[in-house]
Amino acid sequence: MDNPAVPDGSAVVISNDAPGSVTTVRSLGKRGVRTIVASDSDRSPAFASKYCDERVRLPSPYDDLLSYRDVLLDLAARPSVKTIVPVREEDVYVLSRYREAFEDYLTPVWPTMETLAAVHDRLALFSAAERAGVAVPETRLLTDVDDWDRRLIAKGRYGALTDYYVDEIPPTESWSMPNTQYFEPGDPPDVEDLIDRMGHVPIVQEYVAGTEYTIRALYDEGEALFSTQKALRRGFKYPRGPSVYHEAVDIPELREAGLAVLDELGWHGVASVGFIRDDETGEFKILEVNPRFWSSLPCDLHAGVDYPLYYWRLANGDRGPFAPDYRPGTASHFLRGEISHLHSVATEEYPFVEKPSLSRTAAATVGSMVAQPHFDFLDRDDVRPFVRDTVNAVLEKGGIGTSRPTTTVSAESRPVDTESSTDGPEREVSADRRA
């Protein structure tokens, strides 16, 4: 375990409603780093942390992306600020798209725009994965699919919807990501209607049954400094969805596949590479790369790997070597998400996935909390973010047993995104994608 002195200065931690932001604030604040929490929501749980030294209100990146950039540039220009920590696709997009402007003040710990685009465009990402010898699900553009006689899913082609990727989007806006759509054999969609609702031509993939994993890593200009892994044991919904019970694991084949993709990309900064382990073949098939800090970051810290600390050190010129004490087998719970999972088992039905027993699921949930008493938000040393998140959930339309937000793409009921490895809150798009 390496314990050198932690550099002085301030870190801007962008905050959403996921646990990763709070974990970053706690990690850096406990080490004497001054934390400036920036959020477009007054109810951000990270604002409530006792380790939050300053609160900055951001414009919405969806409504005014350029003002969002400008506020972050103003923060970066402060002499004490040494880095900005991204937690959403829009955050890293702005940092990469306007990298030269931020480089006037900070040492970037994020990829170039060219590299980010190779990740955000899933067709480009899958091409890179194939060059690296990593398995990918069969994938085509929606407009190229002519065989609907098997289980298929449609999802967004891009990790962020901005004018860089979609010409119809104004440069001042970022559109919310659409939900994944599921199609039973012989039940093709209305292609034009689906394109309109998705906001662009989406991709269509084979449905792969299996267990979801991610490998997370910190890279310095194409070199992996260290990595960890996570297995999704329970999601917001019983088919999966965003992770609410996650376990640190150590699987050599997973590590090899994830690092091969990031090596091929010449990565820089943090990344979480999502895979699904095919139940039929045992292969790890890549789903996506999240090019920023992830929601289940608390699991890594419980397992001995403090990513925010090493990110901070790299931003301040310390290139290691880093030797974190990784402890596979450690698991962590997102309590509100565990309630959502049980609610899903009790009240919902989804295609492709058999519904589990409520009594057995409840017993397994309680048993895992006894065996693994580690939590994402809940911390006796800093309890207010947990309270804030709980209050937020109660105030929201869906309540504590659902994931937020609750707007939908149309009036019809649709299944949760069980195939995506996006490590964060569910996001759905309204009928007016710019709303």
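Position numbers for residues start from 1 in each chain and track the written sequence from start to end. Totals for whole chains, interfaces and linings use all residues, but because this is a predicted model, local features are given only for residues with pLDDT of at least 70 and pairs of side-chain atoms are given and counted only at 80 or more. In computing side-chain values, all of the structure's heavy atoms are included and hydrogens and water are not.

For the chain, the name recorded in an unreviewed UniProt entry is ATP-grasp domain-containing protein, with Haloarcula limicola as its organism.

## Let's talk about helix H7 (residues 191–198)
Note on classification: 1.4 Å probe, protein chains only; a residue is buried when its accessible area is under 20% of the maximum for its type, exposed when over 50%, partly exposed between these limits. Only runs of H or I of at least four residues qualify as helices and only runs of E of at least two qualify as strands under DSSP, and these elements are numbered from the N terminus. Inspection of H7 places Leu194, Ile195, Arg197 and Met198 among the buried residues, and these make up the whole buried set. The buried residues of H7 occupy an angular sector of 165° when projected down its axis, which confines them to one face. In what follows, residue pairs with any heavy atoms lying within 4.5 Å of each other are defined as contacts. Buried residues in H7 make contact with strand E6 (152–155) and strand E7 (181–183). One or two steps after H7, the chain reaches Gly199, where phi turns positive at roughly 85°. What the arc measures is the spread of directions leading from the helix axis to the C-beta atoms.

## Topic: the UniProt feature "domain: ATP-grasp" (unreviewed entry) in the chain
UniProt positions are given in the numbering used here, feature names are shortened, and annotations may be inferred rather than shown by experiment. UniProt records the feature "domain: ATP-grasp" (unreviewed entry) at residues 126–316, using the numbering of this structure. In residues 126–316, helix accounts for 23% and strand for 35%; the two terminal C-alpha atoms are 33 Å from one another.

## A short note on the nonpolar core
Within the largest apolar cluster, 65 residues are counted, with the highest numbers of intra-cluster contacts made by Leu72, Ile84, Phe102, Tyr165 and Leu218. When residues no more than four places from it in sequence are discounted, the contact partners of Ile84 are Val12, Ile14, Leu72, Ala76, Leu95, Phe102, Leu106, Trp110 and Tyr311. Nonpolar core, defined: a set of buried Ala, Val, Leu, Ile, Met, Phe, Trp, Tyr and Cys residues in which side-chain atoms within 4.5 Å join the residues together. Listed in part, the 29 residues of the second largest apolar core include Leu141, Ile203, Ala231 and Ile286.

## Considering the pattern of salt bridges
Note on definitions: salt bridges are taken to be side-chain nitrogens of Lys or Arg within 4 Å of carboxyl oxygens of Asp or Glu. Enumeration over the complete set of coordinates arrives at 33 salt bridges. A salt bridge links Arg88 to Asp40; the shortest N-O distance between them is 3.6 Å. Remark: Asp40 occurs in the loop between strand E2 (34–39) and strand E3 (54–57) and Arg88 occurs in the loop between strand E4 (81–85) and helix H3 (89–97); sequence separation between them is 48 residues. Take Arg88: its relative accessible area is 9%, and that puts it in the buried class. Close ionic contact of Arg57 with Asp42 constitutes a salt bridge, the shortest N to O distance being 2.7 Å. Placement of Arg57 in strand E3 and of Asp42 in the loop between E2 and E3 is noted, with a sequence separation of 15 residues between them.

## Section: a nonpolar patch on the surface
Side chains of Leu378, Val383, Val387, Val391 and Leu395 sit close together on the surface and give an oily, nonpolar patch of about 370 Å² of accessible area. Positionally, Leu378 belongs in the loop between helix H12 (358–371) and helix H13 (384–395). Judged by relative accessible area, which is 32%, Leu378 ranks as partly exposed. Exposure above 30% relative accessible area and the lack of any salt bridge qualify a residue for a patch; like charges then connect within 9 Å, and the nonpolar side chains Val, Leu, Ile, Met, Phe, Trp and Tyr within 5 Å. Methods summary: accessible areas were calculated by the Shrake-Rupley approach with a probe of 1.4 Å, and residue burial reflects only the protein chains presented.

## Here's the deal with the sheet that holds strand E1 (residues 10–14)
Paired strands are those between which DSSP finds at least two bridges. On the basis of which strands lie adjacent, the open sheet formed by 4 strands has the order E3-E2-E1-E4 and parallel pairing. The strands lining the two open edges of the sheet, one partner per strand, are E3 and E4. The mean inter-strand angle of the sheet, taken between neighbouring strand axes irrespective of direction, is 20°. Where E2 lies against E3, 4 bridges are found, and the strand directions are parallel. Each residue of the ladder has a partner; that of Val37, found in E3, is Arg55. Only the contacting stretch of a helix is used when fitting its axis, a line to C-alpha atoms as for every element, and angles between N-to-C directions run 0 to 180 degrees. On top of the sheet, helix H1 (residues 19–30) reaches E1, E2 and E4; it is set at about 170° to E1, its chief contact. Strands in contact with helix H2 (residues 65–76) are E1, E2, E3 and E4; relative to E4, the strand with the most contacts, it is inclined by about 150°.

## Here's the deal with unusual backbone geometry
That bond from Gly320 to Pro321 is cis: its omega, 10°, falls within 30 degrees of zero. Phi is positive for Glu221, close to 50°, though the residue is something other than glycine. Positionally, Glu221 belongs in the loop between strand E9 (210–220) and strand E10 (223–237).

## Looking at the packing of H1 against helix H10 (residues 307–315)
Between H1 and H10, whose axes approach to 8 Å, the crossing angle comes to 65°. Classified by chirality, the crossing of H10 by H1 is right-handed. Mapping the contact onto sequence places Thr24, Ser27 and Leu28 in H1 and Pro308, Leu309 and Trp312 in H10. In this scheme the handedness of a crossing depends on how the near helix is turned from the far one: anticlockwise by less than a right angle means left-handed, clockwise means right-handed.

## Considerations on the packing of helix H11 (residues 335–347) against H12
In the contact formed by H11 and H12, the axes pass within 9 Å of each other and the chain directions differ by 165°. Judged by the inter-axis angle, H11 sits roughly antiparallel to H12. Where H11 crosses over H12, the two elements pack in a sense that is right-handed. Along its contact with H11, which presents Leu335, Glu338, His341, Leu342, Val345 and Ala346, the element H12 presents Leu358, Thr361, Ala362, Thr365 and Met369. Per-class residue counts for the contact of H11 with H12 are 7 nonpolar, 3 polar and 1 charged. Each angle receives one of four descriptions, namely roughly parallel if under 35 degrees, roughly antiparallel if over 145, roughly perpendicular if within 65 to 115, and oblique otherwise. Note on residue classes: Ala, Val, Leu, Ile, Met, Phe, Trp, Tyr, Cys and Pro are nonpolar, Asp, Glu, Lys and Arg are charged, and everything else, Gly too, is polar.

## Examining the side chain of Thr330
Mapped onto the fold, Thr330 is located in the loop between H10 and strand E14 (331–333). Pairs of N or O atoms within 3.5 Å make up the polar contacts considered here, provided that, within protein, one atom can donate a hydrogen while the other can accept it, and that residues adjacent in sequence are counted only when both atoms are side-chain atoms. A polar contact is formed between the side chain of Thr330 and the backbone oxygen of Arg327, at a distance of 3.0 Å. Each residue touching Thr330, except ones within four places of it in the same chain, is listed here: His246, Glu247, Ala248, Cys299, His302, Ala303, Gln372 and His374.

## Focus: H10
Three- or four-residue spacings in an α-helix give side chains the same orientation, since the helix completes a turn every 3.6 residues. Of all 9 residues that make up H10, 9 are buried, and the element is covered over most of its length. Buried residues of H10: Tyr307, Pro308, Leu309, Tyr310, Tyr311, Trp312, Arg313, Leu314 and Ala315, and no others.

## A few points about the packing of aromatic side chains
We call Phe, Tyr and Trp rings a pair once their centres come within 6.5 Å, taking the six-membered ring for Trp, and we label the pair stacked below 30 degrees between planes, edge-to-face above 60, and tilted otherwise. According to the stated counting rule, one finds 17 aromatic pairs in the structure shown. The interplanar angle of 85° and the centroid separation of 6.4 Å between the aromatic rings of Phe102 and Trp110 together place this pair among those described as edge-to-face. Accessibility expressed as a relative area gives 0% for Phe102, which makes it buried. For Trp110, a relative accessible area of 1% puts it in the buried group. Ring geometry for Tyr310 against Phe322: centres 4.9 Å apart, planes inclined by 45°, an arrangement best described as tilted. Residue Tyr310 is found in helix H10, and its partner Phe322 is found in the loop between H10 and E14; the two are separated by 12 residues along the sequence. Judged by relative accessible area, Tyr310 falls into the buried class, the value being 1%. By relative accessible area, Phe322 is classed as buried at 8%. Of the aromatic side chains, those joined through ring pairs into one cluster are Phe226, Phe293, Trp294, Tyr307, Tyr310, Tyr311 and Phe322.

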